[in-house]
Amino acid sequence: MEGGGGNSKGSALGGLFGAGGAGGPGYSHADLAGVPLTGMNPLSPYLNVDPRYLIQDTDEFILPTGANKTRGRFELAFFTIGGCCMTGAAFGALNGLRLGLKETHSMAWSKPRNVQILNMVTRQGALWANTLGSLALLYSAFGVIIEKTRGAEDDLNTVAAGTMTGMLYKCTGGVRGIARGGLAGLMLTGLYALYNNWEHMKGSVQRQSL
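Residues numbered from 1 in each chain as written. Predicted model: local features only at pLDDT ≥ 70, side-chain atom pairs only at ≥ 80, totals over all residues. Heavy atoms only, no water.

**Brief notes about the pattern of salt bridges**
Using the following cut-off: Think of a salt bridge as a Lys or Arg side-chain nitrogen and an Asp or Glu carboxyl oxygen that are within 4 Å of each other. Helix and strand definitions follow DSSP, with helices as H or I runs of at least four residues and strands as E runs of at least two, each counted in order from the N terminus. Type-normalised accessible area, obtained with a 1.4 Å probe on protein chains alone, sets the label of each residue: buried when under 20%, exposed when over 50%, and partly exposed for intermediate values.
Evaluated as defined, the whole model comprises two salt bridges. Its salt-bridge partner being Glu 153, residue Arg 73 comes within 2.9 Å of it at the nearest N-O pair. Residue Arg 73 is located in helix 3 (residues 73-103), and its partner Glu 153 is located in the loop between helix 4 (111-150) and helix 5 (155-169); the two are separated by 80 residues in the primary sequence. On the basis of relative accessible area, Glu 153 is assigned to the partly exposed category, the value being 44%. Here Arg 150 makes a salt bridge to Asp 154, at a shortest N to O gap of 2.9 Å.

**Comments concerning the layout of surface pockets**
Inclusion rule: Buriedness for pockets is judged along seven lines, at least five of which must meet protein on both sides within 12 Å for an open set on the 1 Å grid over protein atoms alone, while cavities are sets there where a 1.4 Å probe fits but cannot get out, and lining residues have an atom within 4 Å of a point. Grid points are joined across faces, edges and corners, and a volume is the space filled by probe spheres set on the points. Residues are grouped as follows: Ala, Val, Leu, Ile, Met, Phe, Trp, Tyr, Cys and Pro are nonpolar; Asp, Glu, Lys and Arg are charged; all remaining types, including Gly, are polar. Where each domain begins and ends follows an automated or database-derived domain assignment.
Looking at the largest pocket, its volume works out to about 910 Å³. Sorting the residues of the lining of the largest pocket by element identifies helix 3, helix 4, helix 5 and helix 6 (174-196) as the ones contributing at least two each. Sorting elements by how many residues they give to the lining of the largest pocket places helix 6 first, with eight residues. By residue class, the composition of the lining of the largest pocket is twelve nonpolar, twelve polar and seven charged. There are two domains that each give the lining of the largest pocket at least three residues, and those are domain 1 (72-151) and domain 2 (152-197).

**Quick notes on the state of the cysteines**
Using the following cut-off: The criterion for a disulfide is a pair of cysteine sulfur atoms lying within 2.5 Å.
Inspection of the entire model under this criterion finds zero disulfides. We note that Cys 84 lacks a disulfide partner, and the nearest cysteine sulfur, in Cys 85, lies 7.2 Å from it. What makes Cys 84 partly exposed here is its relative accessible area of 24%.

**A closer look at helix 6**
Let me state the cut-off plainly: Expected helix span is computed as 1.5 Å times (number of residues minus one). Only heavy atoms enter the contact rule, under which two residues are in contact if any of them lie within 4.5 Å.
In this model helix 6 runs 33 Å from its N-terminal to its C-terminal C-alpha over 23 residues, within 8% of the 33 Å that 1.5 Å per residue would give. Listed in full, the buried residues belonging to helix 6 are Gly 177, Gly 181, Gly 182, Gly 185, Thr 189 and Ala 193. Among the structural elements, helix 4 and helix 5 are those in contact with the buried residues of helix 6.

**Overview of the packing of helix 4 against helix 5**
Convention followed: Helix axes use the C-alpha atoms of the stretch in contact, all axes being lines fitted to C-alpha atoms, and the angles between their N-to-C directions lie in the range 0 to 180 degrees. Orientation is classified from the angle alone, with under 35 degrees giving roughly parallel, over 145 giving roughly antiparallel, 65 to 115 giving roughly perpendicular, and any other angle giving oblique. It is the rotation of the near helix from the far one that decides the hand of a crossing: anticlockwise by less than a right angle makes it left-handed, clockwise makes it right-handed.
Packing of helix 4 against helix 5 leaves a shortest axis separation of 8 Å and a crossing angle of 135°. Comparing the axis directions of helix 4 and helix 5 gives the class oblique. With respect to the hand of their crossing, helix 4 and helix 5 are arranged in right-handed fashion. Between helix 4 and helix 5, the residues in contact are Thr 131, Leu 135, Leu 138, Tyr 139, Phe 142, Gly 143, Ile 146, Glu 147 and Arg 150 and Leu 156, Asn 157, Thr 158, Ala 160, Ala 161, Gly 162, Met 164, Thr 165, Leu 168 and Tyr 169, respectively.

**So, the side chain of Arg 113**
To be explicit about the condition: This count recognises Lys and Arg as positive and Asp and Glu as negative, with His and chain-terminal groups excluded. Polar contacts, as used here, are pairs of N or O atoms within 3.5 Å; protein pairs need one atom able to donate a hydrogen and one able to accept it. Residues neighboring in sequence count only if both atoms are side-chain atoms.
Among the structural elements, Arg 113 can be located in helix 4. Despite its burial, Arg 113 remains without a salt bridge, the nearest opposite charge being carried by Glu 103 at 10 Å. One polar contact links the side chain of Arg 113 to the main-chain carbonyl oxygen of Thr 104, over a distance of 2.9 Å.

**Topic: the UniProt feature "transmembrane region" (unreviewed entry) in the chain**
Here is the rule we go by: UniProt positions are given in the numbering used here, feature names are shortened, and annotations may be inferred rather than shown by experiment.
Under the feature "transmembrane region" (unreviewed entry), the UniProt entry names residues 76-97, 127-146 and 177-195. Secondary structure across residues 127-146 divides into 100% helix and 0% strand, with the first and last C-alpha atoms of the span separated by 29 Å. Across residues 177-195, the secondary structure splits into 100% helix and 0% strand, with the terminal C-alpha atoms separated by 27 Å.

**Description of helix 4**
Helical periodicity: at 3.6 residues per turn, an α-helix aligns residues three or four positions apart in one direction. In this model, helix 4 (40 residues) spans 58 Å end to end at C-alpha, consistent with the 58 Å of a helix rising 1.5 Å per residue. Just beyond helix 4, the residue with positive phi is Gly 151, at close to 75°.

**Some remarks on the packing of aromatic side chains**
In this description, a pair of aromatic rings is defined by centroid distance and the angle of the planes. Test applied: Pairing of aromatic rings covers Phe, Tyr and Trp, the last counted by its six-membered ring, and requires centre-to-centre distances within 6.5 Å; plane angles under 30 degrees mean stacked, over 60 mean edge-to-face, and any other angle means tilted.
This model, assessed by the stated rule, comprises two aromatic pairs. Aromatic side chains Phe 74 and Phe 78 sit 5.4 Å apart centroid to centroid with 85° between the ring planes, which places their arrangement in the edge-to-face category. You can see Phe 74 and its partner Phe 78 sitting in helix 3, four residues apart, about one turn around the helix. With a relative accessible area of 57%, Phe 78 lands in the exposed category. Between the aromatic rings of Phe 91 and Trp 128, the centroid separation amounts to 4.8 Å while the plane-to-plane angle is 80°, which identifies the pairing as edge-to-face. In this pair, Phe 91 is assigned in helix 3 and Trp 128 in helix 4, connecting sequence segments 37 residues apart.

Put into structure tokens, the structure is as follows:
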């Protein structure tokens, strides 16, 4: 009985670990020699998941065929126009509050003074929102047109769109107004392009100095 129990335990362990029991499949060293083990990582002791699937070396965004990973000028136009309108409204409201308090400083705090200040705030907020929104609309439209015409997206489009925006916005002021508007747009967009490429330019200068 004791020998039979030992044989049964041995066969059970052999079948469980594949060590060549009567009921378990047997694998020789020659069969296991051809199994590729390259690239196999041990499983996590806490998760029954191969850790290789948890490491993401690339972006997991699903993009349409032919689409770029960065937003184009047409996609950024909505954000630019909306942001400029909101910025203009906020700045105009603060400026209107300043002007309203300045113009009514001799009046006592009363309903007429509050109404006058409120009118100044709304008027200045709408004025600045309309101004900056119009500039953003012109800039975005020129940027999209230049990008589609050239077939490229770089800082030249930014500078050209800013220059043309300033010229068109000040076209009612004659030749001098056009020149001043174009120069202002050229300077602002040129400074923006310089700020955008400052690190790249600094790195290039350092490499040349070495």
